[in-house]
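What follows is each chain in one-letter form.
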Amino acid sequence: HIVSSPKVTLRMLNHWDNLDGTIERGYAGYSLWDWHKLPHYAEPRYTDYARACASVGINATVLTNVNANALILTEQYLHKVAKLAEIFRPYGVQVFLTARFSAPMEIGELDTANPLDVEVNAWWQQKVDEIYTILPDFGGFVVKANSEGQPGPHDYDCTHADGATMLATALQPHGGRVIWRAFVYDADVAEDRFKQANSQLVPQDGLFPENALLQVKNGPIDFQPREPYHPLFGAMPKTPLRFEVQITQEYLGCATHLVY
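Calculation rules
- Residues numbered from 1 in each chain as written.
- Predicted model: local features only at pLDDT ≥ 70, side-chain atom pairs only at ≥ 80, totals over all residues.
- Heavy atoms only, no water.
- Core = buried A, V, L, I, M, F, W, Y, C linked by side-chain atoms within 4.5 Å.
- Buried < 20%, exposed > 50% of the residue type's maximum accessible area, 1.4 Å probe, protein only.
- Contact = heavy atoms within 4.5 Å.
- Helix = DSSP H or I, 4+ residues; strand = E, 2+ residues; numbered from the N terminus.
- Salt bridge = Lys/Arg side-chain N within 4 Å of Asp/Glu carboxyl O.
- Pairing = 2+ DSSP bridges.
- Axes fitted to C-alpha atoms, helices over the stretch in contact; angles between N-to-C directions.
- Parallel < 35°, antiparallel > 145°, perpendicular 65-115°, else oblique.
- Left-handed = near helix turned anticlockwise from the far one by under 90°.
- Nonpolar A, V, L, I, M, F, W, Y, C, P; charged D, E, K, R; others polar.

A.B. asks: Which parts of the structure should I look at to understand the nonpolar core?
C.D. replies: For soluble globular proteins, nonpolar side chains are generally found buried alongside one another. Counting residues in each nonpolar core, the largest one holds 61 residues, and the members touching the most others are W35, L63, L73, F88, W124, F141 and W180. Not counting the four nearest positions on each side in its chain, W124 is found in contact with L73, A99, R100, F101, A103, P104, F141, M166, L167 and A170. Of all hydrophobic cores here, the second largest spans 11 residues; its members include W16, V66, V142 and I179.

Shown next as structure tokens:
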């Protein structure tokens, strides 16, 4: 008899897989997901993957890279995603997707992605409703915004809380969540990268909606094992924070290190 009572309720694996089969920071081959063959043919290893996740307590997966491609939110790809979710469901693994902040412009033909714009909010509402029609137990979005050149609310003089609120509002009626990454450094800002996440996000403590969670890397620069822990931990008591670590070889010596 086994009794399990994990303290962390959402135990998520973030894939950095691109739609062309490549993996950002990947050192072990190509993506698991064969989007070309889905949804009509599903590889047997998709079931193996779900079993492996369940065996170590992972109960959610993000299929796509945080440097997101808006195409994953089109109807064609959503049916492919739904096929994977069908395979994962018996193993208790819920599917999330990365959302590109500029998707309303790239696949929605709007002129702006401003989170305070009525039409932009309506577009996200309609898109989320469409997703849940195709995938009723969809988990929600993971978002990388205004970091390393990615689009985000700062493009419109808005805050991260404004951007997260827009998506969280669309997801809330369906029980979905938005995972907003706290890796928000801007190379054009003179302030030290160690401080940028704190400078931007701490003043917004308490402004994020209940179904929005901040995902914070273990260290303030990246995933380096020798870094101190991120100063955001403990600095935002009114905001639920998630802990993000990396399990690729990137910071363990790539392909030449003793550890694989």
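Resuming the write-up.
A.B. asks: Just checking my understanding: could you explain the environment of G175 for this structure?
C.D. replies: Note that G175 resides in the loop between α5 (160-171) and β5 (177-181). Of the residues examined, G175 reaches a relative accessible area of 57% and is grouped as exposed.

A.B. asks: Would you explain the pattern of salt bridges in this entry?
C.D. replies: A pair can form between side chains of opposite charge whenever their charged atoms are brought close. Taken as a whole and judged by the stated rule, the model has 8 salt bridges. Note that E148 is salt-bridged to K144, the shortest N-O span being 2.3 Å.

A.B. asks: Sorry if this is basic, but what is going on with the environment of A168 here?
C.D. replies: Within the secondary structure, A168 is located in helix α5. For A168, a relative accessible area of 1% puts it in the buried group. A sequence separation of 41 residues divides A168 from P209, and the C-alpha atoms of the two residues are 6.9 Å apart.

A.B. asks: Is there a simple way to think about the sheet that holds strand β3 (residues 94-98) in this case?
C.D. replies: The strands making up a sheet are joined through hydrogen bonds of the backbone, oriented either antiparallel or parallel. The strand order across the open sheet built from 7 strands is β1-β2-β3-β4-β5-β6-β7, with neighbouring strands paired in parallel fashion. The sheet terminates laterally at β1 (12-14) and β7 (241-244), the two strands that pair on one side only. Neighbour to neighbour, the strand axes of the sheet diverge by 25 degrees on average, direction disregarded. Bridge analysis of β5 against strand β6 (residues 212-217) gives 4 bridges, and the strand direction is parallel. Across the sheet, V178 pairs through a bridge with A212, a residue of β6.

A.B. asks: Mind showing me how you'd approach the packing of helix α2 (residues 75-88) against helix α4 (residues 118-134) here?
C.D. replies: Helix-helix packing is described using two parameters, namely the angle between the two axes and the distance between the axes. Running from N to C, α2 and α4 cross one another at 40 degrees; their axes reach a closest spacing of 9 Å. As far as their axial angle goes, α4 and α2 are oblique. Handedness of the crossing formed by α2 with α4: right-handed. On the side of α2, the interface is formed by E75, L78, H79 and A82, while α4 contributes E130, I131 and I134. Residues belonging to the contact of α2 with α4 are distributed by class as follows: 4 nonpolar, 1 polar and 2 charged.

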